[in-house]
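# Reading the structure
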Amino acid sequence: MIHYHHPKEPFRLELGGVLPELSIAYHTYGTLNAARDNAVWVCHALTANSDVADWWPHTVEAGCFLDPAHHFVICANILGSHYGTTGPLTPDPRTGQPLYADFPRLTIRDMARAHALLADALGIRKIHTLVGSSVGGFQALEWAAADPARFEHLILIATDAKASPWTIAIDETQRMAIKTDATYGEPRADAAAAGLATARAIGMLTYRGSDGYNRTQQDPPGQPITVPHRACTYQTHQGEKLCRRYNAYSYVTILDAFDTHDIGRDRGGTDAALATLTMPAVVIGITSDIIFTPREMVALASRLPNARYIEIDSAMGHDGFLVEHDQLNQILNDCFKD
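The following refers to the structure shown. What you see is a predicted model; the values in this text were computed from it and never measured.

### Points about the environment of tyrosine 207
Of note, tyrosine 207 is situated in helix α5 (residues 193-216). In this structure, tyrosine 207 is in contact with Leu46, Gln174, Arg200, Tyr251, Ile291, Met316, Gly317, His318 and Asp319, ignoring residues within four places of it in sequence.

Written out as structure tokens, the structure is:
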């Protein structure tokens, strides 16, 4: 069941904006023990939500690494999202109308501060394990750098300590697609739907890569040449599917925040910030990931004082962390035993 936290004070943003009111949507699984030290906090990726069991299949189950019988699993929906936390479609209390494209710019640091507000409100000063994959890993690293004493273990999957020019270019290409839609900027929830669909199709290329597409989107043998290619219909389907559940303004807001990510900002640089994260850490790369490559993941692990690197073997690219749940559970169940 979804829960909501409403901090009493206005939420001031790193880039100067202010949210007069803040709502944070979150899900929990399992029970917080008497010592309040069995919390496992999951930070979600781009268009996911706070319901981890919904978007991360076969992880929040008995015998899996997010086993509610052993852990109090919690995930908060990120600022700017479409799924309950304050974002571009949330009515502005001053006008009663959503801000849409005028929603203030966010940073990953803002998202991490919102997580900390919720953790404090729930009385969780010590978190057994902080888990983040992709953009969730950005949040996890930022939060850990801001308050390293709160976390006993850190799990980072397909992510990095700073947004690279390559990932920023991917984001900019998607923003370009959205903003070429003439309806972008109109004050309605379905504005720039065609642009959003195109952006999602672009994103899917980077999430899966050539190996993933060549494995899953081959045309059936003997298919007539007049029938649309399976790869074409897949791209259209993915774009339309996102438009049914998301909006262009939230998508652009989170892409913009993605690009601000740099845990070294105002902390003496990336290496200095990573050096403060002395808790045991597991860094997981994916063999075919073209967004956060194995080489980059190895480099991240090497810069953390107490980390080990483990690799998932998958042809499914960056999405391997969502698909290869058997490998992930095996890796992380072993980690939790340590």
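### Quick notes on the sheet that holds strand β5 (residues 39-43)
Taken in spatial order, the eight strands of this open sheet run β1-β4-β6-β5-β7-β8-β9-β10, and their pairing is mixed. With partners counted over all chains shown, the strands left at the sheet margins are β1 (3-5) and β10 (307-312), one partner each. Looking at each pair of strands side by side, their axes are set apart by 25° on average, direction ignored. Bridge count for strand β8 (residues 151-157) against strand β9 (residues 281-286) is four bridges, and the pairing is parallel. Bridge pairing in β9 links leucine 156 to valine 283. Along the sheet, helix α3 (residues 135-146) contacts β5, β7 (127-133) and β8; its crossing angle with β7, the most-contacted strand, is approximately 140°.

### Let's talk about the layout of surface pockets
Estimates place the volume of the largest pocket at around 710 Å³. What lines the largest pocket is a set of 34 residues, and nearest its centre among them are Thr47, Arg200, Arg245, Asp319 and Leu322. By residue class, the composition of the lining of the largest pocket is 19 nonpolar, eight polar and seven charged.

Conventions and cut-offs
- Residues numbered from 1 in each chain as written.
- Predicted model: local features only at pLDDT ≥ 70, side-chain atom pairs only at ≥ 80, totals over all residues.
- Heavy atoms only, no water.
- Helix = DSSP H or I, 4+ residues; strand = E, 2+ residues; numbered from the N terminus.
- Contact = heavy atoms within 4.5 Å.
- Pairing = 2+ DSSP bridges.
- Axes fitted to C-alpha atoms, helices over the stretch in contact; angles between N-to-C directions.
- 1 Å grid on protein atoms, 1.4 Å probe; cavity = no way out; pocket = protein on both sides within 12 Å on 5 of 7 lines; lining within 4 Å.
- Points joined across faces, edges and corners; volume = space filled by probe spheres on them.
- Nonpolar A, V, L, I, M, F, W, Y, C, P; charged D, E, K, R; others polar.

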